[in-house]
Amino acid sequence: MSSISQTPSIYQIRHIASGKVYVGSAINPRDRWKNHRVLLRNGKHHSIHLQRAWNKYNEVAFIFEIIEPVLFIEDLIAREQYWIDTLKASTQKHGYNITPTAGSPILLGKVKG
């Protein structure tokens, strides 16, 4: 885990066998991945699609990957949206995102504040 960047980035959690992805953005991807794993291990992740797949296939079936480092925090949401659209992460066939629209309330608060 120490090899995961602490640079603001767009990331994906990918199911290795199917290639289905959850796309997100984070100011600190290392911390965000840790948070995702805690939620998933406890059955409390906000993406019910990702949670069900995690429960079915187990943690070893997934990989966390940086898709794109982002220079300016203000660009994270736009870049996340680009990758959700490009990878079709909110479609049942290709992804686990529960909404087609990027945006974390936590991230938005940090960008605005």
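Read on for an overview of the structure. (Residues numbered from 1 in each chain as written. Predicted model: local features only at pLDDT ≥ 70, side-chain atom pairs only at ≥ 80, totals over all residues. Heavy atoms only, no water.)

1. What to know about the overall build of the chain
We apply this condition: Think of it this way: any DSSP run of H or I at least four residues long counts as a helix, any run of E at least two long counts as a strand, and we number them from the N terminus. Relative accessible area decides the class of each residue, using a 1.4 Å probe on protein chains only: under 20% of the type maximum gives buried, over 50% gives exposed, and in between gives partly exposed. Exposure was quantified through the Shrake-Rupley algorithm and a 1.4 Å probe, taking into account, for residues, occlusion by the shown protein chains and nothing else.
Helix and strand counts for the chain come out as four helices and three strands. Moving toward the C terminus, one meets the helices and strands of the chain in the order β-β-α-α-β-α-α. With 113 residues in all, the chain has 38% of them scored as buried. Of the accessible surface of the chain, which amounts to about 6600 Å², a share of 54% is contributed by carbon and sulfur atoms.

2. Examining the environment of phenylalanine 64
Spelled out, the test is: Here, two residues are considered to be in contact whenever any of their heavy atoms come within 4.5 Å of each other.
Counting through the fold element by element, phenylalanine 64 comes out in strand S3 (residues 62-69). The class of phenylalanine 64 is buried, set by a relative accessible area of 11%. Along the chain, phenylalanine 64 and isoleucine 13 lie 51 residues apart, while their C-alpha atoms are 4.6 Å from each other. Among residues more than four places away in sequence, those in contact with phenylalanine 64 are Ile4, Tyr11, Gln12, Ile13, Pro29 and Trp33.

3. A look at the pattern of salt bridges
Side chains bearing opposite charge may pair, as long as their charged atoms lie close to each other. Let me state the cut-off plainly: Each reported salt bridge corresponds to a side-chain nitrogen of Lys or Arg within 4 Å of a carboxyl oxygen of Asp or Glu.
Taken as a whole, this structure holds three salt bridges when the rule is applied. The salt bridge involving arginine 14 is made with glutamate 65; its shortest N-O contact spans 2.8 Å. Pair noted here: arginine 14 is in strand S1 (residues 9-15) and glutamate 65 is in strand S3, with a separation of 51 residues, a long-range link. For arginine 79, the salt bridge goes to glutamate 68, with nearest N and O atoms at 3.1 Å. One end of the pair, arginine 79, is in helix H3 (residues 76-87); the other, glutamate 68, is in strand S3, with eleven residues separating them in the sequence. Given the relative accessible area of 27%, arginine 79 is considered partly exposed. You can call glutamate 68 buried: its relative accessible area is 18%.

4. Some thoughts on the environment of glutamine 92
Residue placement: glutamine 92 occurs in the loop between H3 and helix H4 (105-112). Placed 43 residues apart in sequence, glutamine 92 and histidine 49 show a C-alpha to C-alpha distance of 8.5 Å.

5. Notes on the side chain of serine 25
Basically, it comes down to this: Under the rule applied, a polar contact is a pair of N or O atoms within 3.5 Å (in protein, one hydrogen donor and one hydrogen acceptor; residues adjacent in sequence only if both atoms are side-chain atoms).
Locating serine 25 in the fold gives a position in strand S2 (residues 21-26). Reaching out from serine 25, the side chain makes a polar contact with the side chain of glutamate 80 at a distance of 2.7 Å.

6. A look at the side chain of glutamate 68
There is a polar contact of 2.7 Å between the side chain of glutamate 68 and the side chain of tryptophan 83. Non-local contacts of glutamate 68, meaning those with residues more than four positions away in its chain, are made with Ser9, Ile10, Arg79 and Trp83.

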